[in-house]
Amino acid sequence: MPRMENETRADTKRERVGRCFPNDILERSEWRVLGPEELAELCAKALCRAYQPGETVFYEGDACRGVYFISEGLVGVRKEDPEGNSVLLHLATDGDSLGYRPFLAGDSHRASAEVLRTSKICFFDADSMRTLLRDNPDLGIEFLRRATRELGIAENRFYEAVRLNLRTRVAHLLLLFKDRYATVEADGRILLDLPISRQDMAAMIGVRAESLSRTIRTLADDGLIDVSGHRAWILDMDRLIAEVAPLDVH
């Protein structure tokens, strides 16, 4: 077979793989255990689309018909309380999978997924997922590890809500945001482009929005941060870390 034809087929395969799994994202996701042929076949069957902020990927209570992969963007996973109030449970961004837990459990979706920033999300139907998990058990193990890590995070959040003071919880949340949403400006200040509203931030740490705002003001008055709208600057990283010294913030 001519070399050019071989290269063309290889390029086509890489294009199919890249359609769902950009290389840099693939390597830090559960899907990295799949081989090139498996990835190419999966992406060929995937339903991928662009979502705009405010759109819903799935609703709490919907039947789980497969697994979603975020190639690009930001999604908020929400759950409603008995009074109908929406509570933000966690954020999912590029490289994260949605719906794998109810899929593996044979359950309905236990929360809703709302797009917060323009996103590209690929959907892998139940039949494709069952075939993958049967042929490559390592993928199931990776999802199990992910579920275990998320359980640990949930336990830590419960601990924080019960034992830690509000100032510590707010500082911890800002440091968690730093890992994903920070840039360093020319003057050396660390800029956080806050991905969610203050109301959602408050819900994530179990307080009222008014209490969160007061705590942010005290951190600003003490010279640790500066906040304007959806932007926050970390002015003194060492002191902010000292606020959460008993915790593992990484």
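This section reports on the structure supplied with the text. On a predicted model such as this, the values are computed, not experimentally measured, just so you know.

Quick look at the pattern of salt bridges now. For the coordinates displayed, the defined rule picks out 21 salt bridges. Arg239 is paired through a salt bridge with Asp236; the nearest N and O atoms lie 3.9 Å apart. With relative accessibility at 38%, the residue Arg239 sits in the partly exposed group. One network of salt bridges, in which partners are shared, links Glu30, Asp96, Arg101, Arg146 and Glu150.

Quick look at the layout of surface pockets now. Quantified by volume, the second largest pocket comes out at close to 200 Å³. Every residue along the wall of the second largest pocket is listed here: Arg78, Asn85, Ser86, Val87, Gln199, Asp200, Ala202, Ala203, Gly206, Val207, Arg208 and Ala209. Residue assignment for the lining of the second largest pocket shows that the elements contributing at least two residues are β4 (86-93) and α8 (198-205). Residue contributions to the lining of the second largest pocket peak at four residues, all from α8. Its residues assigned to classes, the lining of the second largest pocket shows five nonpolar, four polar and three charged.

Another point: the packing of α8 against helix α9 (residues 209-221). The contact between α8 and α9 brings their axes to 8 Å, and the two run at 95 degrees. In terms of axis orientation, α8 runs roughly perpendicular to α9. Across the interface between the two elements, Arg198, Gln199, Met201, Ala202 and Ile205 from α8 touch Ala209, Leu212, Ser213 and Ile216 from α9. Along the lines of polarity and charge, the residues of the contact of α8 with α9 split into six nonpolar, two polar and one charged.

What follows concerns the pairing of strand β3 (residues 66-80). The buried fraction of β3 amounts to 12 of the 15 residues, a majority that puts the element mostly inside the structure. Bridging between β3 and strand β6 (residues 112-125) involves 11 bridges; their strand directions are antiparallel. The residue bridging Val75 from the neighbouring strand is Val115, located in β6. One ladder, built from two bridges, connects β3 with strand β5 (residues 97-98); its direction is antiparallel. Within β5, the residue paired with Phe69 across the bridge is Ser97.

Cut-offs applied
- Residues numbered from 1 in each chain as written.
- Predicted model: local features only at pLDDT ≥ 70, side-chain atom pairs only at ≥ 80, totals over all residues.
- Heavy atoms only, no water.
- Salt bridge = Lys/Arg side-chain N within 4 Å of Asp/Glu carboxyl O.
- Buried < 20%, exposed > 50% of the residue type's maximum accessible area, 1.4 Å probe, protein only.
- 1 Å grid on protein atoms, 1.4 Å probe; cavity = no way out; pocket = protein on both sides within 12 Å on 5 of 7 lines; lining within 4 Å.
- Points joined across faces, edges and corners; volume = space filled by probe spheres on them.
- Helix = DSSP H or I, 4+ residues; strand = E, 2+ residues; numbered from the N terminus.
- Nonpolar A, V, L, I, M, F, W, Y, C, P; charged D, E, K, R; others polar.
- Axes fitted to C-alpha atoms, helices over the stretch in contact; angles between N-to-C directions.
- Parallel < 35°, antiparallel > 145°, perpendicular 65-115°, else oblique.
- Contact = heavy atoms within 4.5 Å.
- Pairing = 2+ DSSP bridges.

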